[in-house]
Amino acid sequence: MQGLIGPSDYSQEPSRHPSLRINATEPFNSEPTRENLISSYVTPVEFFFKRNHGPIPLVDDISSYHVSIVGLIEKSIQLSLDDIKKLPKHNVTATLQCAGNRRTAMSNKKEVRGVGWDVAALSNATWGGAKLCDALKLVGIEYNTKMTSPGGKHVEFISVDQCKEEDGGPYKASIPLHQASNPLSDVLLAYEMNGEILNRDHGYPLRVIVPGVIGARSVKWLDQINIIEEESQGFFMAKDYKMFPPTVDWDNIIWSTRKPQMDFPVQCAICSLEDVNTVKPGQVTIAGYALSGGGRGIERVDISVDGGKTWIEASTYQKDDVQYIPDDISSDKWAWVFFRAVVDITEDTEIIAKAVDLSANVQPEHVETIWNLRGILNTSWHRVRLQIAP
């Protein structure tokens, strides 16, 4: 498209922070260290995890950049970045999480396909931009519309990046129209991240933010918004990011039997410790993050220092010195929660963390029960080992 180019090679990639753990180089996929991940409630841009499916697009002329809204509507339009900035601006603090977060731990039980992520394939930012529902009103789609008069029921987002899974075509994903047109869903056409202009890795000049949903639906480098009758048939909707049972393998998989994953389940992970740690006897701090999809708050985080025999409740917070109250106006609905507990350790042991959300959803105990061939949505109890120093 004019103004925004999807390169076919990796010769013009942006620079990245040297502390990032690189899980793949082409395309570039990386996550911060556990320590850096929980060093700040709002993740600094340089530590924000990076999930890509092709070379990073380039802007060659921002003045000619525009987004088209087309499809099953009465009249198509093109919007420049200035047009979008004229719409009411909203700031939404939301955590994006890759569906493959914690995939490595699942693959350790039985091999799966996909980028090997530790526990940091997620990050939290304050996104600035226009609500998608306000942009849709420009083409006659009112708030909380379920179907347009020509029959559109889904909103497809199309990028400009070149993905091998799309045979060199662009990344695509969609969400239901009723979600896209609902002001309370807080779906954004974002041009800012943490108060600054988006950088290239995170979607400059414009991206979609779909809070409470796996990161695969928050399309970067936006080119087109297409109102369609059915869900997008792009690769990452039709043949990826679907949750299959442990009995399905690559020989018997039928992709059409499962819906594309949207909300992510309740999740937590310990980030103050690695998988195996040597410590002195005494007090140890257990800290990490917890979150749940669909805007569901965190009810509690339980910690066990004896392999799951007994439990204590960790303290939870978002902003410093502000009590976290789930579903309260003082809390960020779409963002993660940090947890912390100080425990006494006298012998070698296993530390476990599990979260419960406001709907009483709880993480499953064992990864084997949720194993799937693509290694997505590993939300099993998070476990780390402590060994007493000799």
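Residues numbered from 1 in each chain as written. Predicted model: local features only at pLDDT ≥ 70, side-chain atom pairs only at ≥ 80, totals over all residues. Heavy atoms only, no water.

If you look the protein up in an unreviewed UniProt entry, it shows as Sulfite oxidase from Rhynchospora tenuis. UniProt annotates the protein under Cofactor (unreviewed entry) with the comment "Mo-molybdopterin". (UniProt positions renumbered as here; feature names shortened; annotations may be inferred.)

Caption draft 1: Structural detail: the pattern of salt bridges. As enumerated under the stated definition, the model contains 18 salt bridges in all. A salt bridge links Arg-34 to Asp-118, with the shortest nitrogen-to-oxygen separation between them at 2.9 Å. Of the two residues, Arg-34 sits in helix α1 (residues 34–37) while Asp-118 sits in the loop between α3 (103–109) and β8 (122–131), which places them 84 residues apart along the sequence. By relative accessible area, Arg-34 is classed as buried at 3%. Each of Arg-34, Asp-118, Glu-274 and Asp-275 takes part in salt bridges that share partners, so that together they form one network. (Salt bridge = Lys/Arg side-chain N within 4 Å of Asp/Glu carboxyl O. Helix = DSSP H or I, 4+ residues; strand = E, 2+ residues; numbered from the N terminus. Buried < 20%, exposed > 50% of the residue type's maximum accessible area, 1.4 Å probe, protein only.)

Caption draft 2: The sheet that holds strand β10 (residues 172–176), seen in detail. Taking strand neighbours across the sheet as the criterion, the 5 strands line up as β6-β5-β14-β9-β10 in an open arrangement whose pairing is mixed. The open sheet is flanked by β6 (77–80) and β10, the only strands paired with a single partner. Averaged over neighbouring strand pairs, the angle between their axes works out to 20° when direction is ignored. (Pairing = 2+ DSSP bridges. Axes fitted to C-alpha atoms, helices over the stretch in contact; angles between N-to-C directions.)

Caption draft 3: Examining empty space enclosed by the protein more closely. Under the defined criterion, the tally for this structure stands at 4 cavities of 30 Å³ or more. Reported here for the largest cavity is a volume of approximately 290 Å³. Taken together, 22 residues form the lining of the largest cavity, with Arg-51, Arg-207, Gly-215, Ser-218 and Lys-220 sitting closest to its centre. Computed from the structure, the second largest cavity encloses a volume of approximately 50 Å³. As for the second largest cavity, its lining consists of Gln-97, Cys-98, Ala-99, Asn-101, Ile-214, Phe-264, Pro-265, Gln-267, Leu-377, Asn-378 and Thr-379. For the lining of the second largest cavity, a count of residues per class yields 6 nonpolar, 5 polar and no charged. (1 Å grid on protein atoms, 1.4 Å probe; cavity = no way out; pocket = protein on both sides within 12 Å on 5 of 7 lines; lining within 4 Å. Points joined across faces, edges and corners; volume = space filled by probe spheres on them. Nonpolar A, V, L, I, M, F, W, Y, C, P; charged D, E, K, R; others polar.)

Caption draft 4: Region of interest: the state of the cysteines. Here the structure, examined in full by the defined rule, presents 0 disulfides. Cys-163 takes part in no disulfide bond, and the closest cysteine sulfur, belonging to Cys-98, lies 14 Å away. (Disulfide = S-S within 2.5 Å.)

Caption draft 5: Main features of the layout of surface pockets. In this structure, the largest pocket occupies an estimated 490 Å³ of space. For the lining of the largest pocket, a count of residues per class yields 7 nonpolar, 6 polar and 11 charged. As for the second largest pocket, its lining consists of 19 residues, and the residues nearest its centre are Arg-51, Lys-164, Glu-165, Asp-240 and Arg-374. Broken down by class, the residue content of the lining of the second largest pocket amounts to 8 nonpolar, 4 polar and 7 charged.

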